[in-house]
Every structure is written in structure tokens, then in C-alpha cells.
Amino acid sequence: MGVKAFRDILRSAPLTSNSEVNDLVHRVGRRIADAANKPDYHWEFAVIEEPNMVNAFCLPGGKVAIFTGILPTAKNEAGLATVIGHEVAHALQRHGAERISRSILEQIAQLGTLAAAATGAIDPGVMQGIQSAYGVGVSLPFNRKQESEADYIGLQLMAKAGYDPREAVPFWERMSGCPRKMIGTLCFRSASSIPEFLSTHPSDVTRINQIEAWIPGAMQFYHP
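Residues numbered from 1 in each chain as written. Predicted model: local features only at pLDDT ≥ 70, side-chain atom pairs only at ≥ 80, totals over all residues. Heavy atoms only, no water.

A. Here's a closer look at the side chain of K63. In this fold, K63 is placed in strand β3 (residues 63–67). Residue K63 is classed as buried on the basis of its relative accessible area, which comes to 3%. Of note is the side chain of K63, whose polar atom sits 2.7 Å from the backbone oxygen of H42. In terms of polar contacts, K63 uses its side chain to reach the side chain of E44, at 2.9 Å. Those residues in contact with K63 that lie beyond four places of it in its chain are G2, V3, F6, Y41, H42, E44, F57 and C58. (Helix = DSSP H or I, 4+ residues; strand = E, 2+ residues; numbered from the N terminus. Buried < 20%, exposed > 50% of the residue type's maximum accessible area, 1.4 Å probe, protein only. Polar contact = N/O pair within 3.5 Å; in protein donor to acceptor, adjacent residues only side chain to side chain. Contact = heavy atoms within 4.5 Å.)

Spelled out as C-alpha cells, the structure:
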């Protein structure tokens, strides 16, 4: 499913023709993939020309795409290694498959709720509230847990690939759009004021604090 989706995306997405950018992403991607030591994943890296999209994604099976919009924020190879390490970690942890499984379970739960409402076992007026509570209480924290796992493993991958894991902190500072000491207090990026428990990603402060705590362990794998 991951391979098919990736092929569909590559057929329709505007891939960059910039050879320097392609070389950069493939070079960093290959080093991270070598550190992951999963040759059966048949790693592939693509660069999508979308300057307004500050993002990247990974599909099951090791299919990684980088949007050109994230490159200025990455700033250098270590910043890009932070991004790619994070995405490769999602593949290694089979987060895509977990999300598919979770989605199936959620559909079953929702069907059960609908059936209960239809038979009068539950008040239809509270059905929507139950489904919303299920989303906040189960689905979103599950995704945040995946994001933190990807940060943790990605940090080790970039270190094993020869990139300084300490560079992950300034990268996430740049992603937040705020100086480190001002994040969440005097400086907010778009939508950053949304409470963390309603977000699928850790807050900027949580993410950076976690990474700083994990850096000493990742440094054991770092050999420039």
C-alpha cells in the first residue's frame, strides 16, 4: 500500500528539477538509511517542488518525500538529517501501519456507537460527544507518542550517520519560528496556541525539552 501510494504521488506531484537539491536530499537520505540498516525497506527519497509546504512525510516501506519548503528551515545538512531521521524512524517503527490499524479500530468503534444509537441503547444526542471524546482521549495522544518516538530514534539515526544530534535543537527552534527562551511565552507561530492535548504533535517546548534530554544518549553514536 505504501509503495502504491508513493508511486501515485510521484506521478502527480511536481518533482524538483534542481540537481543540487536532489543530490543533497539523496546524500543525506542514503546516510540515514545506511544507519537504519534495513535494506529490505528499499529506501527511496523524492523532493517535491512546493516552496510553501514546510513539511516531509514517510510512507510504509521506506518511501520518503521532502517538500522544498522545508529546506530553508533545515538550513544545512544536519538540519535536513534531523528531518529525514525523523521520517525514517516513522518507517522503522511501522507507524504508518499502526495508524492504519488504529483507523480500522476507530471505524469499528464508530460503527458500534451508531448501532447503539439506532437501537436506542444510547442517546443519539450524545453520540457526537462520545466520538469527539474518543478522538481526543485515544487517537491524538497515540499520534503524539509516535512523533516523540520518531524524534528519539531519529536523533540516534542522524548521530550514527555522522550528523551532530545537537543540531536538532536549533532546527526545531527554527521550525517554531521563535528563539528558544521565547517559545510558548512571548512568541507564537501560527496555531501554536492550541493546547497540546488537542494536537497530533508535541508542543514546541515539549519537543525541544525531550530532545535536549535525549542528546547525551545520542552522542554515544556520534562520530563526525
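B. Fine view of the side chain of D151. If you trace the backbone, D151 turns up in helix α6 (residues 124–160). Since its relative accessible area comes to 4%, D151 is described here as buried. One polar contact links D151 to R207, side chain to side chain, over a distance of 2.7 Å. Dropping the residues within four chain positions of it, D151 is found in contact with H86, W172, R207, I211 and W214.

C. Molecular detail of the packing of helix α7 (residues 168–176) against helix α8 (residues 204–219). Their axes nearest at 10 Å, the elements α7 and α8 cross at an angle of 175°. Taken together, the axis directions place α7 and α8 in an arrangement best described as roughly antiparallel. Of the residues in α8, those touching α7 at A168, V169, W172, E173 and S176 are D204, R207, I208, I211, E212 and I215. Looking at the contact of α7 with α8 residue by residue, the class counts come to six nonpolar, one polar and four charged. (Axes fitted to C-alpha atoms, helices over the stretch in contact; angles between N-to-C directions. Parallel < 35°, antiparallel > 145°, perpendicular 65-115°, else oblique. Nonpolar A, V, L, I, M, F, W, Y, C, P; charged D, E, K, R; others polar.)

D. Spotlight on the packing of aromatic side chains. Considering all chains together, one arrives at four aromatic pairs under this definition. A ring pair is formed by Y152 and W214, whose centres lie 5.2 Å apart and whose planes are at 75°; its orientation type is edge-to-face. On the criterion of sequence distance, the pair formed by Y152 in helix α6 and W214 in helix α8 is long-range, its members being 62 residues apart. Looking at W214, the relative accessible area reads 22%, which means it is partly exposed. Here F171 and W172 contribute two aromatic rings whose centre-to-centre distance is 4.9 Å and whose plane-to-plane angle is 75°, an arrangement assigned as edge-to-face. Both residues of the pair, F171 and W172, belong to the buried class. Positioned over the ring face of F221 is K160, at 4.8 Å from the centre of the ring. (Phe/Tyr/Trp six-rings, centres within 6.5 Å; stacked < 30°, edge-to-face > 60°. Lys NZ or Arg CZ within 6 Å of the ring centre and 35° of its normal.)

E. Examining the sheet that holds strand β2 (residues 56–59) more closely. Strands sit in the order β1-β3-β2 across an open sheet of three strands; the sheet is mixed. Edge positions in the open sheet fall to β1 (44–48) and β2, since each of these has one partner strand only. Sheet twist, expressed as the mean angle between neighbouring strand axes with direction ignored, is 15°. (Pairing = 2+ DSSP bridges.)

F. Examining α7 more closely. Most of α7 sits out of view: seven of its nine residues are buried. Positive phi shows up at G177, right after α7, with a value of about 80°.

G. Focus on the packing of helix α4 (residues 77–92) against α7. Direction vectors running N to C along α4 and α7 enclose 80°, while the axes themselves pass 9 Å from each other. As summarised for this structure, α4 and α7 are arranged roughly perpendicular, according to the angle between their axes. Here G79, T82 and V83 of α4 lie close against α7, whose contacting residues are A168, F171, W172 and R174. Among the residues forming the contact of α4 with α7, the class breakdown is four nonpolar, two polar and one charged.

H. Examining unusual backbone geometry more closely. Notably, H42 is not glycine yet its phi reads approximately 50°, a positive angle. Along the chain, H42 turns up in the loop between α2 (19–36) and β1. A relative accessible area of 56% means that H42 is categorised as exposed. A positive phi angle is found at K75, which is not glycine, with a value near 75°. Among the structural elements, K75 can be located in the loop between α3 (71–74) and α4. Among the residues examined, K75 registers a relative accessible area of 64% and is labelled exposed.

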